[in-house]
Amino acid sequence: MEDSRVRIRLAWNNGEFEIEGPQQYVDTYSETIKAFTEILKSSANGQVEKDTPAKGKQISIFEQSTDSAAKTTTDGLEVPASFGEFYHRAPKSINKTDIVLLASYFVQSQNNEQTFTTREVNKLLRDHGIDLTNTAHFNKLNQDYKKVFKMRQGQYKVSEEGVKHLVEILR
């Protein structure tokens, strides 16, 4: 049986709200989505409430947070349940090496062993429409820059330096 993925995106004066995942996961946010659509309707009618966030202000969708919705890793970097959310936190000018580092960290955070493989990273990127010609090359560059290190044959881990770099990018 194929896993049907759902993506909902509202660009509320570019404050934005996006959620992506399996139908069951997205359904857990139905009340939040309804609340946002009500705010959108009232602001379209010129009846913006005083507690409505200002343009560009971040809106937390994790008020109903469950363990699977978002988790903060031991490194202190909050990783949402969806790579799409994580990727959209990065600036549009992010380079390919950093995209691979971001994807690597996401895969690592979802893995009990806290490691990743280039195959997993490549699949994740392709699943999200990011088709890099040689993921292994960018992973090697991250190794050269000391942002990633090899754990054992075919498995890698993002270093402290790599995590610091991601925190800087995602500011």
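See the structure above.
So, here's what we can say about the structure. Since this is a predicted model, take the numbers as computed values, not measurements. All chains use their own residue numbering, which begins from 1 and follows the written sequence. Where local features are concerned, this predicted model is filtered to residues with pLDDT of at least 70; where side-chain atom pairs are given and counted, the filter is 80 or more; whole-chain, interface and lining totals use all residues. In computing side-chain values, all of the structure's heavy atoms are included and hydrogens and water are not.

Quick word on the overall build of the protein chain
Right, so step 1: Summing up its helical and strand segments, the protein chain has 7 helices and 6 strands in all.
Right, so step 2: For the protein chain, the α and β elements follow one another from N to C terminus as β-β-α-α-β-β-α-α-α-α-β-β-α.
Right, so step 3: Under the scheme applied here, a residue whose accessible area is under 20% of the maximum for its type counts as buried, over 50% as exposed, and between as partly exposed, the area being computed with a 1.4 Å probe on protein chains only. Buried residues in the protein chain amount to 42% of all 171 residues. Only DSSP runs of H or I with at least four residues qualify as helices, and only runs of E with at least two residues qualify as strands; both kinds are numbered from the N terminus onward.

Description of the packing of aromatic side chains
Right, so step 1: Ring pairs are drawn from Phe, Tyr and Trp, using the six-membered ring of Trp, whenever the two centres fall within 6.5 Å, and their geometry is named by plane angle: stacked under 30 degrees, edge-to-face over 60, tilted for the rest. Counted by the stated rule, this structure contains 4 aromatic pairs.
Right, so step 2: Ring centres of F83 and F106 lie 5.5 Å apart, and the angle between their planes is 65°; this geometry places the pair in the edge-to-face category. Of the two residues, F83 sits in helix α3 (residues 83–89) while F106 sits in helix α4 (residues 96–109), which places them 23 residues apart along the sequence. Each member of the pair F83 and F106 is classed as buried.

Observations regarding the packing of α4 against helix α5 (residues 118–127)
Right, so step 1: At a minimum axis distance of 9 Å, the contact between α4 and α5 shows a crossing angle of 105°. Between α4 and α5, the angle is such that the two are roughly perpendicular. Between α4 and α5, the residues in contact are I99, V100, A103, S104, F106 and V107 and E120, V121, L124 and L125, respectively.
Right, so step 2: Looking at side-chain class alone, the contact of α4 with α5 contains 8 nonpolar, 1 polar and 1 charged residues. Geometry is summarised by axes, namely lines fitted to C-alpha atoms with helices restricted to the contacting stretch, and by angles between N-to-C directions that run from 0 to 180 degrees. An angle below 35 degrees is treated as roughly parallel, one above 145 as roughly antiparallel, one from 65 to 115 as roughly perpendicular, and anything else as oblique. Any pair of residues with heavy atoms lying within 4.5 Å of one another is described as a contacting pair. Amino acids are sorted into nonpolar (Ala, Val, Leu, Ile, Met, Phe, Trp, Tyr, Cys and Pro), charged (Asp, Glu, Lys and Arg) and polar (every other residue, Gly among them).

A few points about the environment of E160
Right, so step 1: When you line up the elements, E160 lands in helix α7 (residues 160–169).
Right, so step 2: Take E160: its relative accessible area is 62%, and that puts it in the exposed class.
Right, so step 3: Residues E160 and V148, 12 residues apart in the sequence, show an inter-C-alpha distance of 8.6 Å.

Observations regarding the packing of α5 against helix α6 (residues 135–144)
Right, so step 1: Taken N-terminus to C-terminus, the directions of α5 and α6 make an angle of 120°; their axes are 10 Å apart at the nearest point. When the axes of α5 and α6 are compared, the pair comes out oblique. With respect to the hand of their crossing, α5 and α6 are arranged in right-handed fashion. In this structure, α5 contributes T118, V121 and N122 to the contact, and α6 contributes T135, A136 and N139.
Right, so step 2: A breakdown of the residues in the contact of α5 with α6 according to their chemical character gives 2 nonpolar, 4 polar and no charged. Helix crossings get a hand from a simple test, with the near helix turned counterclockwise from the far one by less than a right angle marking a left-handed crossing and a clockwise turn marking a right-handed one.

Brief notes about unusual backbone geometry
Right, so step 1: Notably, Q114 is not glycine yet its phi reads approximately 60°, a positive angle.
Right, so step 2: By secondary structure assignment, the location of Q114 is in the loop between α4 and α5.
Right, so step 3: Within the chain, K146 stands out as a residue other than glycine whose phi angle is a positive 65°.
Right, so step 4: Counting through the fold element by element, K146 comes out in the loop between α6 and β5 (148–152).
Right, so step 5: Given a relative accessible area of 61%, K146 falls into the exposed group.

Let's talk about α5
Right, so step 1: Of all the residues in α5, the buried ones are V121, N122, L124 and L125. The buried side chains of α5 occupy one side of the element, clustering within an arc of 160° when seen end-on. In α5, the exposed residues that point more than 90 degrees away from the buried face are R119, K123 and D127.
Right, so step 2: Its buried side turned inward, α5 meets α3, α4 and α6.
Right, so step 3: Looking one or two residues beyond α5, the residue adopting positive phi is G129, at roughly 75°. It is the directions from the helix axis to the C-beta atoms whose arc is reported.

Notes on the pattern of salt bridges
Right, so step 1: The working definition used for a salt bridge is a side-chain nitrogen of Lys or Arg within 4 Å of a carboxyl oxygen of Asp or Glu. Taken as a whole and judged by the stated rule, the model has 7 salt bridges.
Right, so step 2: Its salt-bridge partner being D98, residue K147 comes within 4.0 Å of it at the nearest N-O pair. In this pair, K147 sits in the loop between α6 and β5 while D98 sits in helix α4, placing the two residues 49 residues apart along the sequence. For the pair formed by K147 and D98, the shared burial category is buried.
Right, so step 3: E168 is the salt-bridge partner of R171, the closest N and O atoms lying 2.6 Å from each other.
Right, so step 4: Taking the relative accessible area as the measure of exposure, R171 reaches 75% and is therefore exposed.
Right, so step 5: A relative accessible area of 46% means that E168 is categorised as partly exposed.

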